[in-house]
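So you can see what is in the structure, the chains are spelled out below.
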Amino acid sequence: MSSRLAPLRSLLSGVRFGKFASVGAVGAAFDTTTFVVLDQFVGVSTAVANAVGIEIAILVMFVVNDNWTFASEGEDDRRSLGARLVRSHLVRAGGSTLQWSILFAVLVVYEVGVPVSLGPVDLWPIFVKGGAIGIAMFVNYVFESIFTWRVHE
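Let us look at the structure shown here. (Residues numbered from 1 in each chain as written. Predicted model: local features only at pLDDT ≥ 70, side-chain atom pairs only at ≥ 80, totals over all residues. Heavy atoms only, no water.)

**Here's the deal with the environment of Ile 135**
Test applied: Strands here are runs of E lasting at least two residues and helices are runs of H or I lasting at least four, both read from the DSSP assignment and numbered beginning at the N terminus. The criterion used for residue contact is that any of the two residues' heavy atoms lie within 4.5 Å.
Note on placement: Ile 135 falls in helix H5 (residues 124-148). Separated by 36 residues in the primary sequence, Ile 135 and Gln 99 place their C-alpha atoms 7.6 Å from one another. Dropping the residues within four chain positions of it, Ile 135 is found in contact with Leu 98 and Ile 102.

**Looking at the packing of helix H2 (residues 14-42) against H5**
Condition: A fitted line through C-alpha atoms serves as each axis, taken over the contacting stretch for helices, and the angle formed by two N-to-C directions is quoted from 0 to 180°. Orientation is classified from the angle alone, with under 35 degrees giving roughly parallel, over 145 giving roughly antiparallel, 65 to 115 giving roughly perpendicular, and any other angle giving oblique. Throughout, a crossing is termed right-handed when the near helix is turned clockwise from the far one, and left-handed when it is turned anticlockwise from it by less than a right angle.
With their axes 10 Å apart at the nearest point, H2 and H5 run at an angle of 140° to one another. Between H2 and H5, the angle falls in the class oblique. As H2 packs across H5, the resulting crossing turns out to be right-handed. Here H2 contributes Arg 16, Phe 17, Phe 20, Ala 21, Ala 28, Asp 31, Thr 32, Phe 35, Val 36 and Gln 40 to the contact with H5, which in turn contributes Pro 125, Ile 126, Lys 129, Ile 133, Met 137, Phe 138, Asn 140, Tyr 141, Glu 144 and Ser 145.

**Re the environment of Asp 76**
Its place among the elements puts Asp 76 in the loop between helix H3 (46-69) and helix H4 (78-109). Between the alpha carbons of Asp 76 and Val 91 there is a distance of 20 Å; along the sequence they are 15 residues apart.

**Here we look at the packing of aromatic side chains**
Using the following cut-off: Centres within 6.5 Å make a pair out of two Phe, Tyr or Trp rings, where for Trp the six-membered ring is used; the pair is then stacked when the planes are under 30 degrees apart, edge-to-face when over 60, and tilted otherwise. Think of it in three bands: residues with accessible area under 20% of the maximum for their type are buried, residues over 50% are exposed, and the middle band is partly exposed, with areas taken using a 1.4 Å probe on protein chains only. Over a ring means this: the NZ of a Lys or the CZ of an Arg is within 6 Å of the ring centre and within 35 degrees of the ring normal.
Tallied over the full model, the rule gives 8 aromatic pairs. Measuring from ring centre to ring centre gives 5.7 Å for Phe 17 and Phe 138, while their planes differ by 20°; the resulting arrangement is stacked. Of this pair, Phe 17 sits in helix H2 while Phe 138 sits in helix H5, and the two are 121 residues apart along the sequence. Plain terms: the ring middles of Phe 17 and Tyr 141 are 4.9 Å apart, the flat faces sit at 85° to each other, and that makes the pair edge-to-face. Placement of the pair is Phe 17 in helix H2 and Tyr 141 in helix H5, with a sequence separation of 124 residues. Looking at Phe 17, the relative accessible area reads 25%, which means it is partly exposed. By way of ring pairs, the aromatic residues Phe 17, Phe 20, Phe 62, Phe 70, Phe 138, Tyr 141 and Trp 149 are connected into one cluster. Positioned above the aromatic ring of Phe 35 is the side chain of Lys 129, whose terminal nitrogen or guanidinium carbon lies 5.1 Å from the ring centre.

**Some thoughts on the packing of H2 against H3**
Convention followed: Asp, Glu, Lys and Arg are counted as charged, while Ala, Val, Leu, Ile, Met, Phe, Trp, Tyr, Cys and Pro are counted as nonpolar; the rest, among them Gly, fall into the polar class.
With their axes 8 Å apart at the nearest point, H2 and H3 run at an angle of 150° to one another. When the interaxial angle is binned, H2 and H3 end up roughly antiparallel. As H2 runs across H3, the sense of the crossing is right-handed. Looking at the contact of H2 with H3 residue by residue, the classes come out as 15 nonpolar, 9 polar and 4 charged.

**Overview of the pattern of salt bridges**
To keep it simple, the criterion reads: Salt-bridge detection follows one rule: a side-chain nitrogen of Lys or Arg within 4 Å of a carboxyl oxygen of Asp or Glu.
Applying the stated rule across the entire model yields 4 salt bridges. As a salt-bridge pair, Lys 129 and Asp 31 come within 2.9 Å of each other at their nearest N and O atoms. You can see Lys 129 sitting in helix H5 and its partner Asp 31 sitting in helix H2, a full 98 residues away along the chain. An identical accessibility class is assigned to Lys 129 and Asp 31; each is buried. Among the salt bridges present, the one from Glu 144 reaches Arg 92, with a minimum N-O distance of 2.6 Å. Of this pair, Glu 144 sits in helix H5 while Arg 92 sits in helix H4; the two residues are 52 residues apart in sequence, bridging distant segments of the chain.

**Structural notes on unusual backbone geometry**
Positive phi, close to 50°, is recorded for Arg 150, a residue that is not glycine. Along the chain, Arg 150 turns up in the segment after H5.

So, in C-alpha cells, the structure goes:
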C-alpha cells in the first residue's frame, strides 16, 4: 500500500512545489511577454504568438527546473537530459493544450472581451492567459513530478 502512495507523498513537498511555482512565474513572464509583443506589436496571429510564447516558456522552465527544482533527480549525462526534455515536452503538451483551450474558448469561440487597456496594450488577453497558465501549472506540476523527473523512484 505504501508503494502506491509514494507518488502522492512525493508531490506533497511544499519546498518543491514552491520552487516549481516560482519557476512557473518566470515561465509565465517569458510566455506572456512573448505573446504580447508578437500579438500586439509585431502583428503575428494570436495562435502563433501563443505557440511561440509557450515554447519559449517550456524551454526556460525546463532548464531552471532541471537545475534547481529537481536538481537531485535523474542522471547528469546528455542522454538522460535529452530523455527528460522529451518527457517534459510530452507532459507539457497536456498543460499547453489546457491553456490553449481556455484562451481560445474565452477569446475566440465565445468572444468574451472586457475593455481593459493600458496605453496601446489590451490587458484582457493577458488576464485570460494568466488564468489559463495558473490552471495549467497545477496539471504540469503533478505530471512533471511523476513522469519527467520521477520523484517517487
